[in-house]
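Remarks on the overall topology
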Amino acid sequence: MNSTVVAVSSNGVYAFTKPNRDSVTLLTGLGVEGDVHAGVTVKHRSRVAQDPTQPNLRQVHLIHQELFAELREAGFDVAPGDLGENVTTGGIDLLALPAGTLLHLGDEAVVEVTGLRNPCLQIDRFQDGLLKQVVGRDQDGGIVRKAGIMGIVRVGGVVRPGDPVTSELPAEPHRPLERV
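First things first, this report covers the structure right here in the doc. This structure is a prediction, so every number in the text was calculated from the model and none was measured.

For the rest of this paragraph, the subject is the sheet that holds strand S13 (residues 165–168). Strand order in the open sheet formed by eight strands is S2-S1-S6-S5-S11-S8-S7-S13, and the pairing between neighbours is mixed. The strands lining the two open edges of the sheet, one partner per strand, are strand S2 (20–21) and S13.

One number sums up the size of the largest pocket: a volume of about 570 Å³. In terms of lining, the largest pocket is formed by 22 residues, of which the most central are His37, His44, Arg58, Cys120 and Gln122. The residue inventory of the lining of the largest pocket, partitioned by class, reads seven nonpolar, nine polar and six charged.

Here the focus is the sheet that holds strand S4 (residues 31–32). The three strands lie next to each other as S4-S3-S12, forming an open sheet whose pairing is antiparallel. Where the open sheet ends on each side, the last strands, each with one partner, are S4 and strand S12 (157–159). Inspection of the sheet shows strand S3 (residues 24–27) paired to S12 by three bridges, in the antiparallel sense. Counterpart to Val24 in the pairing with S12 is Val159.

Here we come to the nonpolar core. Counting residues in each nonpolar core, the largest one holds 23 residues, and the members touching the most others are Leu26, Val60, Leu62, Leu103, Leu105, Ile149 and Val159. Among the elements of the structure, strand S1 (4–9), S3, strand S5 (60–64), strand S7 (102–105), strand S8 (109–116) and strand S11 (149–155) are those that each provide at least two residues to this core. Counting residues per element, this core draws most heavily on S8, at four residues. When sequence neighbours within four positions are dropped, the list of residues in contact with Leu105 reads Val5, Leu26, Val87, Val111, Val159, Pro164 and Val165. Phe16, Leu67, Phe76 and Val78 belong to the second-largest nonpolar core, a separate cluster that totals 13 residues.

Here we come to helix H2 (residues 66–73). Listing the buried residues of H2 in full gives Leu67, Phe68 and Leu71. Looking straight down H2, one finds that the buried residues subtend no more than 100° of arc, so they occupy a single side. Of the residues trailing H2, Gly75 is marked for its positive phi of about 95°.

This part is about the pattern of salt bridges. If you walk through the whole model with that rule in mind, you get three salt bridges. Lys146 is the salt-bridge partner of Glu70, the closest N and O atoms lying 2.5 Å from each other. Here Lys146 lies in the loop between strand S10 (143–145) and S11 and Glu70 lies in helix H2, a separation of 76 residues in the sequence. With relative accessibility at 36%, the residue Glu70 sits in the partly exposed group. For Glu112, the salt bridge identified is with Arg154, shortest N-O distance 2.5 Å. In this pair, Glu112 is assigned in strand S8 and Arg154 in strand S11, connecting sequence segments 42 residues apart. In this structure Glu112 comes out as buried when scored by relative accessible area, which is 18%. Classification of Arg154 by relative accessible area gives partly exposed; the value is 45%.

Criteria and cut-off values
Residues numbered from 1 in each chain as written. Predicted model: local features only at pLDDT ≥ 70, side-chain atom pairs only at ≥ 80, totals over all residues. Heavy atoms only, no water. Pairing = 2+ DSSP bridges. Helix = DSSP H or I, 4+ residues; strand = E, 2+ residues; numbered from the N terminus. 1 Å grid on protein atoms, 1.4 Å probe; cavity = no way out; pocket = protein on both sides within 12 Å on 5 of 7 lines; lining within 4 Å. Points joined across faces, edges and corners; volume = space filled by probe spheres on them. Nonpolar A, V, L, I, M, F, W, Y, C, P; charged D, E, K, R; others polar. Core = buried A, V, L, I, M, F, W, Y, C linked by side-chain atoms within 4.5 Å. Buried < 20%, exposed > 50% of the residue type's maximum accessible area, 1.4 Å probe, protein only. Contact = heavy atoms within 4.5 Å. Arc of directions from axis to C-beta. Salt bridge = Lys/Arg side-chain N within 4 Å of Asp/Glu carboxyl O.

The analysis is restricted to geometry; functional conclusions fall outside its scope.
Here it is, written out as structure tokens:
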């Protein structure tokens, strides 16, 4: 199965959801052009309150569309952009990628995977009970985060729905994704 970009989204103001766009431009070292979370230093409000000088490891948020099908089966209606992601993918297991993976999006853009999104209570404000669907526990009691991955832009470029997605794994040993 070919991996593709299903949708791209951005929002210039703080809001939980992000409207779908015909394209987004990724800016090297910054994130999505015009998106409220773009920047060298952290932009998420809770993290800014802790330390506004920390590096922004969450410049681009990616979610796999397969999560939406899983959520639909559980009775939730979620579409691309609804959970605040910038890039919705199909055909690639984002959650299984190791930290440091390079995701090539379209002809030019490259995003380095930094970690897992750590969902917050805003998800339940969007749809009650949704947080329990995207954060759970495995059989050993470990936390499982399914609300996508985060990355930083290594090479800028325009990304559109239908663009191919390819992954370039880092040198071994691979580091599993942790929350960022």
